[in-house]
Amino acid sequence: MKYDILVVGGGIVGLATALRLKKNKPDLKIILLEKEKQLAKHQTGNNSGVIHSGIYYKPGSLKATNCINGYNELLEFCRENDIKFDLCGKIIVATSQEELPALENIYNRGIQNGLTDIRKISQEEIREHEPHCSGISGIWVPYTGIIDYTDVSYKYAEVFKKLGGEILHEQKVLDIKPGSTSTEVITDKQTFETKLVINCAGLFSDKIAALTHKNINVRIIPFRGEYYEIKKEKEYLVKGLIYPVPDPNFPFLGVHFTRMVKGGVEAGPNAVFSFKREGYKKTDFNWSDFSESIAWPGFRKVAAKYWRTGLGEYYRSFSKAAFTKALQKLIPEIQENDLIPGNAGVRAQACDRTGGLIDDFMILEDKHIINVCNAPSPAATSSLSIGKTVAEMALQRFNSEKKEIVLN
């Protein structure tokens, strides 16, 4: 089984990368391996389905540039392929005077990132957008929308296969053995030979990277986000998307309200350390995943720094009343009995050895493999742009190879 490029991981980033490669270089033999029976099962299939504008991200960062570029490419792809989406807009709401400086910083970042149609809104204007929302000041972000990223992923896969790409399911990668001219990828089913491996394994990206980089300096720490759904009769409380001002010292956006493109309204998520990389329930536990996380010196430093915040998140996880109280900061009318337990997702958060939670996208490469080691939100929005970035890194090698052949 010989290939030019082998992509590990059938989430939205892996699929977008494979699609970009095949579109740019149709003659290359490319295969994508997914360990599950279906595509987009984990981070992609369990997120809140928001099309992000790029307002939060540091200007010039990989997150900012890829989100803004990817946003436009995503919308174009959806229009071309009749994928449903809705640019319903969102408001970011400050509920106290203490949050106003952070709100101003978010606005300034948005302007620096080219979001010229955002605007500051007053307490009265907040009510015009969201009649049941409480806040003293806010930002209206008309760029933000909603979509189903599983639908997007399956369309990426469909187009990729039409172009001649291959996808194999239930292929769990166990080992990678680089050679002088090619690399062996060994799964639980068979062995593949390829000139280049691209690792887009999400929650297991660090483990795949460690197969060829024994001293990799980051570890994926899983954080579970739990959602409630609002009862049908109370969905009128939310017209679009309502977000709080995030804590600038914590790499999560806080509980918010999200209208979903296929109907319904979600409230959440919290962010709690997960005892299993694919642990979607409170009772899920994997000793290997848990022990690896707590043994990582960076995670212990994170835990020491954020333990108060973490306890608050766990309290909300087990207390519906506490979760409701957090939501009431934005919509005072929401009541505990308005909420029904919903889905949960697990975010792959890269953490370095010194305790830094990696905020930006992280891509590491060597001669044999390109590792996408950190691709948190807004990776789904940015998927085609991230795919383009990774594809360009990969194709440089093949262009160099052709030049060498010509010169010889």
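Reading the values: the criteria
- Residues numbered from 1 in each chain as written.
- Predicted model: local features only at pLDDT ≥ 70, side-chain atom pairs only at ≥ 80, totals over all residues.
- Heavy atoms only, no water.
- Core = buried A, V, L, I, M, F, W, Y, C linked by side-chain atoms within 4.5 Å.
- Buried < 20%, exposed > 50% of the residue type's maximum accessible area, 1.4 Å probe, protein only.
- Contact = heavy atoms within 4.5 Å.
- Pairing = 2+ DSSP bridges.
- Helix = DSSP H or I, 4+ residues; strand = E, 2+ residues; numbered from the N terminus.
- Salt bridge = Lys/Arg side-chain N within 4 Å of Asp/Glu carboxyl O.
- Axes fitted to C-alpha atoms, helices over the stretch in contact; angles between N-to-C directions.
- Parallel < 35°, antiparallel > 145°, perpendicular 65-115°, else oblique.
- Left-handed = near helix turned anticlockwise from the far one by under 90°.
- Nonpolar A, V, L, I, M, F, W, Y, C, P; charged D, E, K, R; others polar.
- Expected span 1.5 Å × (residues − 1).

Novice: Looking at this structure, I do not really get the nonpolar core. What am I missing?
Specialist: Ranked by internal contacts, the top residues of the largest apolar core, which has 66 residues, are Ile5, Ile92, Tyr156 and Ile198. Those residues within four positions of Ile92 in sequence are excluded, and the remaining contacts are Ile55, Tyr56, Leu103, Ile106, Ser137, Gly138, Ile139, Val141, Tyr243, Pro244 and Val245. Listed in part, the 22 residues of the second largest apolar core include Tyr228, Phe257, Val265 and Leu330.

Novice: Any chance you could explain the sheet that holds strand β3 (residues 50-51) here in plain terms?
Specialist: Sheet strands pair by backbone hydrogen bonding; their relative direction is either parallel or antiparallel. Strand order in this open sheet of three strands is β3-β8-β4, and the pairing throughout is antiparallel. Looking at which strands have only one partner, the edges of the open sheet turn out to be β3 and β4 (85-86). Note: β4 against strand β8 (residues 145-147), two bridges, orientation antiparallel. Looking across to β8, one finds that Asp86 is bridged to Ile146.

Novice: How do you make sense of the pattern of salt bridges when you look at a structure like this?
Specialist: A side chain with one charge may pair with a side chain of the opposite charge, provided their charged atoms come close. Taken as a whole and judged by the stated rule, the model has 25 salt bridges. Across the pair Asp4 and Lys195 runs a salt bridge whose closest N-O atoms are separated by 3.3 Å. Here Asp4 is found in strand β1 (residues 2-8), whereas its partner Lys195 is found in strand β12 (residues 191-199), with 191 residues between them in sequence. Given the relative accessible area of 13%, Asp4 is considered buried. Put simply, Arg119 and Glu125 hold a salt bridge, and the shortest N to O gap is 3.3 Å. The exposure class of Glu125 is partly exposed, given its relative accessible area of 24%. Counted as one network, the salt bridges with shared partners bring together Asp206, Lys207, Arg219, Arg277, Asp289 and Glu292.

Novice: I keep staring at the environment of Asp359 and nothing clicks. Help me out?
Specialist: Locating Asp359 in the fold gives a position in the loop between β18 (339-352) and β19 (362-365). Residue classification places Asp359 among the partly exposed positions, given a relative accessible area of 46%. Placed 18 residues apart in sequence, Asp359 and Ser377 show a C-alpha to C-alpha distance of 9.6 Å. Not counting residues within four places of it along the chain, the set of residues in contact with Asp359 comprises Lys63, Asn374 and Pro376.

Novice: How should the packing of helix α1 (residues 12-24) against helix α5 (residues 149-162) be read in this particular structure?
Specialist: Across the interface, α1 lies against α5 with an axial gap of 9 Å and an inter-helix angle of 30°. Classified by the angle their axes make, α1 and α5 are roughly parallel. The interaxial crossing formed by α1 with α5 has left-handed handedness. Residues Ile12, Leu15, Ala16, Ala18, Leu19, Lys22 and Lys23 of α1 form the contact with α5, whose own contacting residues are Tyr149, Val152, Ser153, Tyr156, Ala157, Val159 and Phe160. Each residue belonging to the contact of α1 with α5 can be placed in one class, and the counts come to eleven nonpolar, one polar and two charged.

Novice: In this structure, what is going on with helix α2 (residues 62-80)? I would like to understand it.
Specialist: Within an α-helix, residues lying three or four positions from one another point in the same direction, as the helix has 3.6 residues per turn. For α2, with 19 residues, the first-to-last C-alpha span of 26 Å sits near the 27 Å given by 1.5 Å per residue. Those residues of α2 that fall on the buried side of the exposure criterion are Lys63, Ala64, Asn66, Cys67, Gly70, Tyr71, Glu73, Leu74, Leu75, Phe77 and Cys78. Positioned one or two residues after α2, Asp82 has a phi angle of 55°, which is positive.

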